[in-house]
Every structure is written in C-alpha cells, then in structure tokens.
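Listed here are the chains, written in short residue letters.
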Amino acid sequence: MSTGPGAASAPAPDGHEDPTTPDAPRKTSMFASLRVRNYRLFFMGQVVSNIGTWMQRIAQDWLVLSLTGSSAAVGITTALQFLPMLLFGLYGGVLVDRLRKRPTLLVTQSSMAVTALFLAVLTLTGHVQVWHVYVAAFAMGLATVVDNPARQSFVSELVGRDQLQNAVSLNSANFQSARLVGPAVAGLMITGVGTGWAFLANGLSFVAPLSCLLLMRARELHAVERAPRGKGQLREGLHYVAGRPELIWTIVLVGFIGTFGFNFPVFLSAFADDVFDAGAGAYSLFNTLMAVGSLAGALLAARRGTARLRVLIAAALAFGALEMVAATAPRLWLFALLMVPIGVFSMTVNVTANTSIQMSTDPAMRGRVMALYMMVFLGGSPVGAPIVGWVTDAYGARAGFAAGGAVAATAALVIGLVLARVGNLRLSVGWHRGHPQVRFVPRERREELAPAA
C-alpha cells in the first residue's frame, strides 16, 4: 500500500511492499534504542514522571471519593480528564505539526507540574473542595491534548525510523512498569501521610523529564518537516488518513477494541465481586497480572524490528478470543492466569498499531494523525463503558466480557479481510518445516507459493 506523496521522507514501509505481506521477522536488541543518548534521557525522565502520574491517578480518585462518598463523582473526574481529548484532540495535532516538539513538551510538562502542585497545596492546607479536583482534572486533560501527540511524535525525532518500534515498545514497558510501582507507592503514601503528599510527589516528579529535555543535544535529533501555518489543516489531516487504508483501518480497529474490549475496570470488578465473590483483593490481583502480561508484551515487541499489520490483526484476534475464553472460566485461579496472555496481546495490539501508524505517516502529518489515533484510543473506553456496563448489569459479567471479546475478534477478522482485499492478497494455508502456516500472500504468486504436499 502506498503511503502517498512525500513517503520517501517518511519512516514508512517501502513503496513496493505491503505491510501485510509475509517477510522474515527482523529481530533487534531488546534495549537497542537506549544506546541513543537523547532517547536514554527521555526514557529516564519518563520513568520518574510515569510513576508520579499513576500516584496522582490513585490519589485523585481517593480524594474525590473521600470528599463526596460518591462513585459517580469519581466517574465525573475521569470524564473531565478525557473530555478535552475528545473535544480538542485533532486541534492539538494541528498545533503539534506546526511546532517544534522539544519546546512544546517543556511547556506542556511544566503546566502539568503546576497543576499537580496547585492541588497539593490546596489538599495539604485543608482547603481543597471537589470542584478544585474537577478543575485540575480538566486542566490536566487540556495539557494532554498537546502533550500526548507531541510525545508520540517526538520519539521518531529521538531515534529515527530504524529503531522506532523498539523505542515505542520500551515507552510502553516504561508505562506498564510504572503501573506496577505507582499505585503501590500511592497506597502507602495515602495511608501514611495523606493524599496531598502524593500530589506533591507527582508535581515534583516533573523535574525529571524537564531536566532531561533540557539536557538533550539538539544537533543529534532527527530533523523532520514542520507543517506551515495555514487554513484547512485539520481537514487536510482527516483527508490524509481517509486516503490511506493502512491508517484508517488500523485506527478503526483500535477504536472497536478500545471501546468494547479494553473496559477492564467494568469487567474485572464485576468478576471479582459478582462471579467469584472474592472482593477487592481479587480485583487487585487481576489488574496486577494483566500489568505483568502487558509489560511482557511490550518487551517482546521491543525485540521485533518491524511493525506489520498482519501481526496487529493476529494479536487482535487472539486478544478477542482470549477474552471470550476467560468469560467462561469456571475457577478464579484460571481466570486470573488468563489475565497474563490477555495483557500480552492487548499490549501487542497497542504497540503494533502505534508503531505502524507512525511509520506509515509523513513527518509533517504525524502530529495530526497521532492525535486522531490517541483520541480514538483514549476516548473509546469512556464512550464504551456505559454500553458494556449496561450489558454486564443486564446479562451478567460473563456475557459482558464475552461480548467485548466477540466485538474485538470480529473487528479484527473483518478489517484483516478488508486490508487483504485492498492489498490484492489472498489467504495461504500450508506447511513450513513440518508446521502449519497461515499467511497472506500476493494473488499473483499463487502458483509459486502453492502449499507443498
């Protein structure tokens, strides 16, 4: 599939090569991109900041619950944090394409630090009210509108095309590691000294990424073309995505999976409480095991040198199938164990989609495309949560989880067939070195690659 005009300068698949066609997987060192000094600084800054972010998430929810006693208020806080991305995400992408990424990140990260410190002061002085938390959540969301696509796009400037998949995978591993550490530290801090100190810790954690951004060597960045200021750039970005099947169908697939398959708080809490009657301890165990699987999935993705759409389709199918299997698990221990491979394949979907989109996008368009991708990905769960929650309440947790998996698997199968048709491919089933092999191959090579008897 062609990446369109300007592809020669973009980190995109070669013009003759379809991203769904089979090739020998290119392995790389699991931590190859850490050899790049600028990326190493970026990674270290994000380690500290991500832990602080997870601490704030836990502290924020707990503070709202303690102030109001209402789970609905916690939901409002989460909605306010996602609302700016849904409303202004595409405009954030336009800004990111016009601006230099490193100065932009210095501004967005500083604004997040100020917001966290503002909340810390109010909480520690005993003056905090729930509307203060709402305002802080919305302010964080506004900063994320620009910060998220800027950080996603900046990775390619740090490492270049050859190590992009490795760097994106390590970013995901970084985030998942923080997901294991941050909530635990937040729990100890909230219990020991109070929520205000968790907000203060997050505010101070931004010193790390800000310092690392300032220490980077500008001459070692991979220069990319910036979009000039002009009218119609939002519409131009949407037309760009609509004209490239490898982009639009990947985003559609992620949208279906994010909306119906990734609502784990709804599914896992229902299984812990209603199905297995095991309480908060089981819910925590499910989330921990899924985080372990996600971390493993991110590290495995870091070893792959390429991001292929066939890997994305296969991982999405496996993810949906595993959710349907887990929905029928008769015992708690079996359900808990299935969280690990579900975490592996959910992260494979996330990393492969992210990398393939970045590699198939012209640099001048990358901010707008990544903003659309993140808007669909991050916005899917809040939109889908009421739907899957209603199914779970009406028909039970098993039906809700199975339905989410069925939507994910069906979307993967249909979109895989669409991409195969667009790329003039056919399904080939045969044997290779004594093992069954299922793959897509170009139609004109049917006779040459006919399966051996």
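The rules we used
- Residues numbered from 1 in each chain as written.
- Predicted model: local features only at pLDDT ≥ 70, side-chain atom pairs only at ≥ 80, totals over all residues.
- Heavy atoms only, no water.
- Helix = DSSP H or I, 4+ residues; strand = E, 2+ residues; numbered from the N terminus.
- Buried < 20%, exposed > 50% of the residue type's maximum accessible area, 1.4 Å probe, protein only.
- Contact = heavy atoms within 4.5 Å.
- Areas by Shrake-Rupley, 256 points an atom, 1.4 Å probe, with all protein chains shown as cover.
- Axes fitted to C-alpha atoms, helices over the stretch in contact; angles between N-to-C directions.
- Parallel < 35°, antiparallel > 145°, perpendicular 65-115°, else oblique.
- Left-handed = near helix turned anticlockwise from the far one by under 90°.
- Nonpolar A, V, L, I, M, F, W, Y, C, P; charged D, E, K, R; others polar.
- Patch = residues over 30% accessible without salt bridge, like charges linked within 9 Å, V, L, I, M, F, W, Y side chains within 5 Å.
- Salt bridge = Lys/Arg side-chain N within 4 Å of Asp/Glu carboxyl O.
- Lys, Arg positive; Asp, Glu negative; His and termini not counted.
- Charge placed at Lys NZ, Arg CZ, Asp CG, Glu CD.
- Polar contact = N/O pair within 3.5 Å; in protein donor to acceptor, adjacent residues only side chain to side chain.
- Phe/Tyr/Trp six-rings, centres within 6.5 Å; stacked < 30°, edge-to-face > 60°.
- Expected span 1.5 Å × (residues − 1).

1. Quick notes on the overall build of the chain
Moving on, step 1. The helix and strand inventory of the chain stands at 15 helices and two strands.
Moving on, step 2. Evaluated residue by residue, the chain yields a buried proportion of 51% over its 453 residues.
Moving on, step 3. Sequence separation of 24 or more characterises 83% of the internal contacts of the chain that already satisfy a separation of 6 or more.
Moving on, step 4. When the accessible area of the chain is evaluated, it comes to approximately 19,900 Å², of which 65% is carbon and sulfur surface.

2. Side note on the packing of helix α1 (residues 37–68) against helix α5 (residues 164–192)
Moving on, step 1. Between α1 and α5, the least distance of the axes is 7 Å, while the angle of their chain directions is 40 degrees. On the basis of the axis angle, α1 is oblique to α5. Pair α1 / α5 crosses with right-handed handedness.
Moving on, step 2. A class-by-class count of the residues in the contact of α1 with α5 yields 20 nonpolar, five polar and two charged.

3. Re a nonpolar patch on the surface
Moving on, step 1. On the surface, a cluster of nonpolar side chains totalling about 620 Å² of accessible area is made up of L83, L86, L87, F88, Y91, L142 and V383.
Moving on, step 2. Given the relative accessible area of 35%, L86 is considered partly exposed.

4. Thoughts on a negative patch on the surface
Moving on, step 1. Residues D273, D274, D277 and D393 make up a contiguous surface patch of negative charge.
Moving on, step 2. Position of D273 relative to the elements: it lies in helix α10 (residues 264–275).

5. Quick look at the pattern of salt bridges
Where charged atoms of side chains with opposite charge meet at close range, the side chains can pair.
Moving on, step 1. For the coordinates displayed, the defined rule picks out four salt bridges.
Moving on, step 2. Among the ionic pairs, K101 bridges to E157, the shortest N-O distance being 3.7 Å. In this pair, K101 is assigned in helix α3 (residues 101–124) and E157 in helix α4 (residues 130–159), connecting sequence segments 56 residues apart.
Moving on, step 3. Look at K101 and you get buried, because its relative accessible area is 5%.
Moving on, step 4. Of the charged contacts, one joins D147 and R151 as a salt bridge, the two residues approaching to 2.7 Å between their closest N and O atoms. Within this pair, D147 and its partner R151 are both found in helix α4, separated by four residues, close to a single helical turn.
Moving on, step 5. With a relative accessible area of 2%, D147 lands in the buried category.

6. Let's talk about the side chain of T361
Moving on, step 1. Residue position: T361 is located in the loop between α13 (332–359) and α14 (366–395).
Moving on, step 2. At a separation of 2.5 Å, a polar atom in the side chain of T361 contacts the main-chain carbonyl oxygen of I357.

7. Describing the packing of aromatic side chains
Moving on, step 1. In the structure shown here, the tally under the stated rule is 17 aromatic pairs.
Moving on, step 2. When the centroid spacing of 4.3 Å and the interplanar angle of 15 degrees are considered together, the rings of F271 and F335 count as stacked. Linking F271 in helix α10 with F335 in helix α13, this pair joins segments that are 64 residues apart in sequence. Each member of the pair, F271 as well as F335, is classed as buried.
Moving on, step 3. Taking 4.9 Å as the distance between ring centres and 70 degrees as the angle between the ring planes, the aromatic pair formed by F286 and F335 counts as edge-to-face. In this pair, F286 is assigned in helix α11 (residues 279–303) and F335 in helix α13, connecting sequence segments 49 residues apart.

8. Concerning helix α9 (residues 245–261)
Moving on, step 1. End to end, α9 covers 23 Å across 17 residues, agreeing with the expected 24 Å (1.5 Å per residue, within 8%).
Moving on, step 2. Restricting attention to buried positions, one finds in α9 the residues E246, L247, T250, I251, L253, V254, G255, I257, G258, T259 and G261.

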